[in-house]
Amino acid sequence: MNPIDSKLKKILAMIDGATSEGEARAASLALQRLLAANNMTIDDIDLNDNVPEVNESAEDLGKRVPEWVKVLAYVIAKNYRCRCYMQTSHGAYDYWSGRRNVTGTCFVFVGESQDATVAAGCFRATKHAIEKCFKKFCDKRFEQDGTKIGRRAGVKNSYCLGFIQGLENSYREQLEQDETMALAIVVPESVNRYMNDELNCKKMKPRPITVSSDHSIEDAGRQDGYSFGQGDRIASCA
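Let us look at the structure shown here. (Residues numbered from 1 in each chain as written. Predicted model: local features only at pLDDT ≥ 70, side-chain atom pairs only at ≥ 80, totals over all residues. Heavy atoms only, no water.)

1. Some remarks on unusual backbone geometry
Phase 1 of the analysis: Of note, the phi angle at Arg-81 is positive, near 60 degrees, even though the residue is not glycine.
Phase 2 of the analysis: For Ser-113, which is not a glycine, the phi torsion comes out positive at approximately 50 degrees.
Phase 3 of the analysis: One can find Ser-113 in the loop between β3 (99–112) and α4 (115–145).
Phase 4 of the analysis: In this structure Ser-113 comes out as partly exposed when scored by relative accessible area, which is 29%. (Helix = DSSP H or I, 4+ residues; strand = E, 2+ residues; numbered from the N terminus. Buried < 20%, exposed > 50% of the residue type's maximum accessible area, 1.4 Å probe, protein only.)

See the structure below:
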């Protein structure tokens, strides 16, 4: 086995043995960087005599899913070599309402090898971080002027969308600083074929999102999202 294959095998072992989403993300990013630096894709490597398998990893989100969560899923997927789709489950037909009520919703990330698992883990961790940061933001506002803004119409949407924009700005900035990263996060053709041919998924239609007229809320979210993205994207290869 040549040195590059040996290093790739080591990184894959790091992904398989990761004990947290952070470790898995770091190892996955290291793998992507190594492949890009050597002008290779995972299809060029034959470590196990197997063609990379396209896998799915689902995240259960309950009955109702805020629109900002859908935006987050899309941003995470495209930055981790994946695509995603939303899957809903329905109960029995209700003759009074004339419809079948939604009983559950999940986002499914689709990617090669461990990419789907890494993307799902990153999505889960980032969603949790946004919720936590929003609570801190509301607490800080209350300490400053005694106003409880958390439940005002559009406030959470504004903050969360700002956070996601800041996160995406951070990702874009790092791509501009490291050209190999742009190659590393390209969605594999096998994933596109799986989504387009086997699943035949329809694009999620964006819905109107109520936001606050207070632009400082979105600005605060954008700043927090940018800071989170800077830390989230840092990874090194041993």
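From this point, the discussion proceeds with the structure in view.
2. Brief notes about the state of the cysteines
Phase 1 of the analysis: Counting across every chain of the model gives 0 disulfides.
Phase 2 of the analysis: Cysteine Cys-82 is unpaired, with the sulfur of Cys-84 as its nearest cysteine sulfur at 8.7 Å.
Phase 3 of the analysis: With relative accessibility at 2%, the residue Cys-82 sits in the buried group.
Phase 4 of the analysis: Counting only cysteine sulfurs, Cys-160 is the nearest neighbor of Cys-133, a cysteine outside any disulfide, at a range of 9.7 Å. (Disulfide = S-S within 2.5 Å.)

3. Quick look at the side chain of Ser-170
Phase 1 of the analysis: Positionally, Ser-170 belongs in helix α5 (residues 155–177).
Phase 2 of the analysis: When sequence neighbours within four positions are dropped, the list of residues in contact with Ser-170 reads Tyr-226, Gly-229 and Gln-230. (Contact = heavy atoms within 4.5 Å.)

4. Notes on the nonpolar core
Phase 1 of the analysis: If you look at the biggest cluster of nonpolar residues, it comprises 32 residues, and the most contacted ones within it are Leu-72, Ile-76, Phe-109, Phe-123, Phe-137 and Tyr-159.
Phase 2 of the analysis: Going through the elements one at a time, α3 (67–79), β3, α4, α5 and α8 (215–232) are the ones with two or more residues in this core.
Phase 3 of the analysis: The biggest single contributor to this core is α4, with 9 residues.
Phase 4 of the analysis: Residues in contact with Phe-137, not counting those within four places in the same chain, are Ile-149, Tyr-159, Ile-217 and Ala-220. (Core = buried A, V, L, I, M, F, W, Y, C linked by side-chain atoms within 4.5 Å.)

5. Side note on the packing of aromatic side chains
For any pair of aromatic rings, geometry is given as the distance between the ring centres together with the angle between the planes.
Phase 1 of the analysis: One pass over the structure, following the stated rule, counts 6 aromatic pairs.
Phase 2 of the analysis: Aromatic pair Phe-134 and Tyr-159: ring centres 5.5 Å apart, planes at 50 degrees, arrangement tilted. With Phe-134 in helix α4 and Tyr-159 in helix α5, this residue pair connects regions lying 25 residues apart in the sequence. Tyr-159 carries the same exposure label as Phe-134, and that label is buried.
Phase 3 of the analysis: Judged by centre distance (6.4 Å) and plane angle (45 degrees), the rings of Tyr-159 and Phe-163 are tilted. With Tyr-159 and Phe-163 both in helix α5 and 4 residues apart, this pair spans about one turn of that helix. Exposure class is identical for Tyr-159 and Phe-163. Each is buried.
Phase 4 of the analysis: One aromatic cluster in this structure is built from Phe-134, Phe-137, Tyr-159, Phe-163 and Phe-228. (Phe/Tyr/Trp six-rings, centres within 6.5 Å; stacked < 30°, edge-to-face > 60°.)

Remember, this is a structural readout, not a statement about activity or role.
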